[in-house]
Protein chains: 2
Amino acid sequence: MDFLQLDSSAAEPLYRQIYTRFRSAIAEGTLQPGDRIPAARALALELGLARGTVESAYALLTAEGYVEARGQAGTVVTPALARHAPVAPTPRPASAHNNLGEAASSTKPFQMGIPALDAFPRKVWARLAARAVRATQPADMIYPPWAGLPELRIAIAAYLQLSRGIDCTPSQIFITNGYRNSMELITRALLKPGDGVWVEDPGYPPTSDLLREAGMQVAPVQVDAEGLMVSHGVASAPGAKAAIVTPAHQSPLCVSLSLPRRLALLDWAAQAGAWIVEDDYDGEYRYVSRPLPALQSLDRDGRVLYSGTFSKVLFPAIRLAYLVVPPAQVERFEHICRTFATGGPALMQGVVADFMNEGHFARHIQRMRRLYAERRELTADGLSSVLGKHMQVEPQPGGMHLVLCMKGYHTDRALAARMREKGMAALALSERGVLPHIPSALLLAFTNIESQARAQELGKRILKIMA
Amino acid sequence: MDFLQLDSSAAEPLYRQIYTRFRSAIAEGTLQPGDRIPAARALALELGLARGTVESAYALLTAEGYVEARGQAGTVVTPALARHAPVAPTPRPASAHNNLGEAASSTKPFQMGIPALDAFPRKVWARLAARAVRATQPADMIYPPWAGLPELRIAIAAYLQLSRGIDCTPSQIFITNGYRNSMELITRALLKPGDGVWVEDPGYPPTSDLLREAGMQVAPVQVDAEGLMVSHGVASAPGAKAAIVTPAHQSPLCVSLSLPRRLALLDWAAQAGAWIVEDDYDGEYRYVSRPLPALQSLDRDGRVLYSGTFSKVLFPAIRLAYLVVPPAQVERFEHICRTFATGGPALMQGVVADFMNEGHFARHIQRMRRLYAERRELTADGLSSVLGKHMQVEPQPGGMHLVLCMKGYHTDRALAARMREKGMAALALSERGVLPHIPSALLLAFTNIESQARAQELGKRILKIMA
């Protein structure tokens, strides 16, 4: 460990010096992928440092994927690094986006829910953010209003009117820390432990997990080609107090909720005094016609809560989403927002408002819609040319992923699991629901597949796994 | 309304054009404080626009305090603007930090919980933030780890060890969106509806509000000169499952929890299988001796959850706080953080980590401790010289505010209410609790009082109110 010459008089804390020196040693090849590194206890002894200091450095190296714990075999330089381009010697530590102890990874092929980050206008964003942070005055540093910055709420209201046919005032809009925070607010404001809640099946398991953790009774409701089967919900869980739906492109089947079903759902909610949560996470991304107006725009009884997010149309790390609540519920949500002090940092909210007001937002969504239409087609073509015998590759009218129904004897779960072992981010449709008769299908996002050749290459990797 | 020449071909949305033109007209004096502005409906008619467009502009003008709704009398240019310096013609709209419909205000004299924002190193902060946002790569834009950025968790662990005597690993640290989000996580992770929870009385009412909204039974426990009276809690709510305490400087009395009480509280928690939440929001701000080590550092049974925040040591708009949880609870909190997707934007977390790692954080806290010691003394002296006959002005060893016990017949509530009418942010001690025998006292923050002359001037305003 000759490279570990620490400087105890330096301003940089010792754990960071250790961390930096290890990174450099790995980047320069002094330490090779697979090499074992000393146990924290031993190294601490050798360097005359507290064990915690070395452990902190190792935790960071692990979190960023430079080293891997191997149980009895100790800790080694991550073997997979050998397959990657040389590691930059001093990347920003803040770029480590993984749980402590989990190996780092960039976006994996087919990973769901991640927009095309390479196409995000990072320079414009950086310019707006730098400008906003430099313009910060003491008055901007106090508690932001719990419901969100007025400027952002106004910009969202204007956008929703134009793009999603939603007629609402800014006071109906509540800024949250993401979709799950929006869901949590709804459970706090309108539901109580023990209440039944319809969820789509197949659906989005994190929604069910959250509802269960919040004390709700989750009632899975079947989905067919027209979306949520309202009649099934009425039959199987008639006393439910809420329904969580994805009307634009059902998650994960990508079908749209038909107009008769929309009306049936609204009728049910009005009669049952139940709430409808419209999760419109990717409503913008429709490729065969104009995006459908939101279900909320049909609501005459004040039963629909519209949930939007910036994770898919900007990027997930921003942690900003919003709820549109019926006028009669505004006061209740204001109370809940104040009590639980939701809402993100003022700076991020201000930057998003600027991004919207200066036209970058609308432009970016338009560009992404074109790009995704292209990537959806080239991914479908590329995969179809290789896997057509085994799977039905038929793109849906909207969404950010493909649903590949399996033709043969292969089960989606086994295949998806083996694909994950090989570094791909496949999901199995049958894992997304609990009711019987869910078809075997792979869920593969196309948002980060740049070319048909890349899709074919990935298709061949899948074929090899199936062989 | 000649100044309202809109440009329908401009990129700027029409509501923003209206908003900007009104601001300029007010700034330039075309519209004077007290002037009535047209009703939204009438103006929309006149301009040939949708009423909602004008309403959005008015909402923003109201939110930023430019105009005020006066019920039947219509909407007027805020009369109070006459007393202020001329309004800058084009300030950043994102600086409006108020609920839609509430008039804007800067920090009021004596406002609690607001650090000395004028002394925050804004330039350093802006430099770090601008650097971080420019260095953002696609890998930084995916979902940040739910528990927080490793770099920030590591920096906090190192800081807590040094400053608060807390021995923990980074994996015990969970980044949240603020103190109330920390509290919410705790209720989700460790408590269930109906559980009893001790709160200090007098205490911090938002904590009780949150607990009640989360379904807990709030049990107020008396506070004396040694802090929370553990024996009173045991007698009045023996079955409680948690106690929320502010051991460093009790909120709002500023007394420290004595060592015997600390040990008694820990004993109770161990025997009752209850949790102690140590809210250490201002533990750094002690002026008569070194900050006391955290209660958590005495915990041998894994019963203490330590709650820290950046609202007071950096600034509130950042919306970042953290929890230190006992090792045995790490897995449970990881599950809850994943389920509810807590944790703020990656960018803000990264900037705070950089701010800490580059030494600015420790330096800032040291400077603030000196500044607050000074402001505490000059505020106490200034108020004492004017109000000494009516109140006992005796600074506490720590905290960010003074507790002025009233000597005469005046009740704190009536006086505080009248001070608020006059634009000061006084709080009455008796409003901070529900148990009998809470003394009449004013709670006045000194963090933003710059000079003894200013304190005297404010003291005279209070004297006039009392006369």
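Everything here concerns the structure above.
Residues numbered from 1 in each chain as written. Chains lettered and ligands numbered in written order. Predicted model: local features only at pLDDT ≥ 70, side-chain atom pairs only at ≥ 80, totals over all residues. Heavy atoms only, no water.

Enquirer: So what exactly am I meant to see when it comes to the relation of the copies chain A and chain B here?
Expert: Here two copies of a chain appear, and what relates them is a rotation about an axis with a shift along it. For the pair chain A and chain B, the superposition axis carries a translation of 0.0 Å, the fit reaches an RMSD of 0.2 Å, and the rotation angle comes to 180 degrees. On this basis, the relationship between the two copies can be described by a two-fold rotation axis. Relative to the rotation axis, the closest C-alpha in chain A is found at Ala130(A), a distance of 2.3 Å. Looking at chain A, 100% of its interface residues are interface residues in chain B too, so the copies touch through the same face. (Least-squares fit on C-alpha atoms with pLDDT ≥ 70 in both. Contact = heavy atoms within 4.5 Å.)

Enquirer: Whenever I open this one, helix H14 (residues 452-466) of chain B confuses me. Can you help?
Expert: Along an α-helix, residues three or four positions apart point the same way, because every turn accommodates 3.6 residues. Residues and elements named next belong to chain B. Relative to the 21 Å expected for 15 residues at 1.5 Å per residue, H14 spans 21 Å between its end C-alpha atoms, a close match to the ideal helical length. Inspection of H14 places Ala-455, Leu-458, Gly-459, Ile-462, Ile-465 and Met-466 among the buried residues, and these make up the whole buried set. Down the axis of H14, the smallest arc covering the buried residues is 110 degrees, so these residues share one side. Along H14, the residues that are exposed and aim more than 90 degrees away from the buried face are Ala-453, Lys-460 and Lys-464. On the buried face of H14, the contacting elements are helix H12 (360-387), strand S12 (391-393), strand S13 (401-406), helix H13 (412-421) and strand S15 (441-445). (Helix = DSSP H or I, 4+ residues; strand = E, 2+ residues; numbered from the N terminus. Expected span 1.5 Å × (residues − 1). Buried < 20%, exposed > 50% of the residue type's maximum accessible area, 1.4 Å probe, protein only. Arc of directions from axis to C-beta.)

Enquirer: Help me out: how do you make sense of the pairing of S13(B) in this one?
Expert: Successive residues of a regular strand alternate their side chains across the two faces of the sheet. Residues and elements named next belong to chain B. Counting buried residues along S13, five of its six residues qualify, which places the element largely inside the surrounding structure. In this sheet, S13 lies alongside S12 in antiparallel orientation, the contact comprising three bridges. Along S13, the bridge assignment pairs Val-393 with Leu-404. Of the strand pairs in this sheet, S13 and S15 are connected by five bridges, and their pairing is antiparallel. Paired with Val-403 across the bridge in S15 is Leu-443. (Pairing = 2+ DSSP bridges.)

Enquirer: What am I meant to see in the pattern of salt bridges here?
Expert: Pairing between side chains becomes possible if they bear opposite charge and their charged atoms approach one another. Scanning all chains against the criterion turns up 30 salt bridges over all chains. Of the charged contacts in the structure, one is a salt bridge between Lys192(B) and Asp195(B), with a shortest N-O distance of 3.4 Å. The class of Asp195(B) is buried, set by a relative accessible area of 8%. Several salt bridges converge on common partners, so that one network encompasses Arg131(A), Asp354(A) and Glu358(A). (Salt bridge = Lys/Arg side-chain N within 4 Å of Asp/Glu carboxyl O.)

Enquirer: Explain the sheet that holds strand S14 (residues 427-428) of chain B to me, please; I cannot follow it from the model alone.
Expert: For sheets, the rule is that strands pair by backbone hydrogen bonds, running either parallel or antiparallel. Residues and elements named next belong to chain B. If you walk across this open sheet you meet the four strands as S12-S13-S15-S14, and the pairing is antiparallel. This sheet does not close on itself; its edge strands, each paired only once, are S12 and S14. In the sheet, S14 pairs with S15 via two bridges, with the strands oriented antiparallel. Opposite Ala-428, over in S15, you have Leu-442 as the bridge partner. Sheet contacts for H12: S12, S13 and S15; angle to S13, the most-contacted strand, approximately 20 degrees. (Axes fitted to C-alpha atoms, helices over the stretch in contact; angles between N-to-C directions.)

Enquirer: Looking at this model, I keep getting lost on the packing of aromatic side chains. Mind explaining?
Expert: A ring pair, where both rings are aromatic, is described by two values, the distance of the centres and the angle of the planes. Residues and elements named next belong to chain A. Applying the stated criterion across every chain yields a total of 32 aromatic pairs over all chains. Pairing Trp-198 with Trp-268 gives two aromatic rings, centres 3.9 Å apart and planes at 15 degrees, and the pair type is stacked. Here Trp-198 is found in strand S5 (residues 196-201), whereas its partner Trp-268 is found in helix H9 (residues 259-272), with 70 residues between them in sequence. As far as the burial class goes, Trp-198 and Trp-268 line up, both buried. Between Arg-153 and the ring centre of Phe-174, over which it is positioned, the NZ or CZ distance is 5.4 Å. (Phe/Tyr/Trp six-rings, centres within 6.5 Å; stacked < 30°, edge-to-face > 60°. Lys NZ or Arg CZ within 6 Å of the ring centre and 35° of its normal.)

Enquirer: Please clarify how the interface of chain A and chain B should be interpreted in this entry.
Expert: Interface size, as often reported, equals the accessible area lost upon joining of the parts. At the junction of the two partners, chain A supplies 85 residues and chain B supplies 85 residues. Carbon and sulfur atoms supply 61% of the area that chain A and chain B bury against each other, a total of about 7500 Å² over both sides. Viewed at the interface, chain B and chain A are joined by six salt bridges. Notably, a salt bridge pairs Arg332(A) with Glu213(B), separated by 3.0 Å at the nearest N-O pair. At the level of elements, helix H1 (14-28), helix H3 (51-63), helix H4 (122-134), helix H5 (150-164), helix H6 (179-190), helix H7 (205-213), helix H10 (330-340) and helix H11 (346-357) of chain A are the ones that each hand at least two residues to the side of chain A that touches chain B. The dominant element in the side of chain A that touches chain B, judged by the number of residues it contributes, is H4(A), at eight residues. Along the lines of polarity and charge, the residues of the side of chain A that touches chain B split into 47 nonpolar, 21 polar and 17 charged. (Buried area = accessible area lost by both parts, 1.4 Å probe. Nonpolar A, V, L, I, M, F, W, Y, C, P; charged D, E, K, R; others polar.)

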